[in-house]
Amino acid sequence: MASALFTRKEVESRNTRNDAVIIIDNVVCDVTRFLLDHPGGIEVLLDNAGKDASKCFHDIGHSEYARDWMQTFAIGEVVPEERRAVLPWPPAEGEEQWQAEQWSVRGLVDTCGAPLVLAVCAALLYTYLF
């Protein structure tokens, strides 16, 4: 990885389609050439451009391959006095359990409870009435 150091203020100004830089775990990545290829779409990268995207990156649960590939976009690091704590990798056992539950029926109800119930009721009414 390049040994360039960046302040968070320097990264903030690099938030456009032509110059998109993000911070993940104190590593500064220029994702400009990756915008169109990002599996999650261009919007997620542009929404995080110029910012610390560590939480977003971890919340999605990127694979180890994605974490390694991220290093190909690294252009430097955050200056030591502005670094933040880095989440451990791989995720803790409890975190993996949470991610598994997130995609279970229970997780779906916890996340989308009211809209899901309304959709089911609407489907039943439609079926009953027509």
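With an unreviewed UniProt entry as reference, the chain is termed Cytochrome b5, source organism Papilio xuthus.

**Q** Please set out the overall build of the chain residue by residue, giving values where relevant.
**A** The secondary structure content of the chain amounts to six helices and five strands. Listed N to C, the secondary structure of the chain is β-α-β-β-β-α-α-α-β-α-α in terms of helices and strands. Burial analysis of the chain (130 residues in total) assigns 31% to the buried set. Residue pairs at least 24 apart in sequence account for 66% of intrachain contacts in the chain once pairs closer than 6 positions are excluded.

**Q** Residue-level account of the sheet that holds strand β5 (residues 74–78), with values.
**A** Within a sheet, each strand pairs with its neighbour through backbone hydrogen bonds, oriented either parallel or antiparallel. Spatial strand order, β1-β5-β4-β3-β2: five strands in an open sheet with mixed pairing. Each having just a single partner strand, β1 (4–6) and β2 (15–16) make up the two edges of the open sheet. Pairing geometry for strand β4 (residues 27–30) and β5, over three bridges, is antiparallel. Bridging across to β5, Cys29 finds its partner in Ala74.

**Q** How would you sum up the nonpolar core? Please name residues and give values.
**A** The biggest cluster of nonpolar side chains holds 16 residues, and the ones touching the most others in it are Ile22, Ile24, Cys29, Val31 and Leu45. Counting only elements with at least two residues in this core, the list comes to β3 (19–24), β4 and α2 (42–48). The biggest single contributor to this core is β3, with three residues. In this structure, Ile24 is in contact with Ala53, Ser54, Phe57 and Met70, ignoring residues within four places of it in sequence. Counting six residues, the second largest nonpolar core, distinct from the first, contains Phe6, Val11, Ile23 and Val78.

**Q** For the environment of Ile42, give the residues involved together with the corresponding values.
**A** Considering the arrangement of structural elements, one finds Ile42 in helix α2. On a C-alpha basis, the gap between Ile42 and Arg17 in space is 8.9 Å, while along the polypeptide they are 25 residues apart. In this structure, Ile42 is in contact with Arg17, Leu35 and Leu36, ignoring residues within four places of it in sequence.

Rules and cut-offs
Residues numbered from 1 in each chain as written. Predicted model: local features only at pLDDT ≥ 70, side-chain atom pairs only at ≥ 80, totals over all residues. Heavy atoms only, no water. Helix = DSSP H or I, 4+ residues; strand = E, 2+ residues; numbered from the N terminus. Buried < 20%, exposed > 50% of the residue type's maximum accessible area, 1.4 Å probe, protein only. Contact = heavy atoms within 4.5 Å. Pairing = 2+ DSSP bridges. Core = buried A, V, L, I, M, F, W, Y, C linked by side-chain atoms within 4.5 Å.

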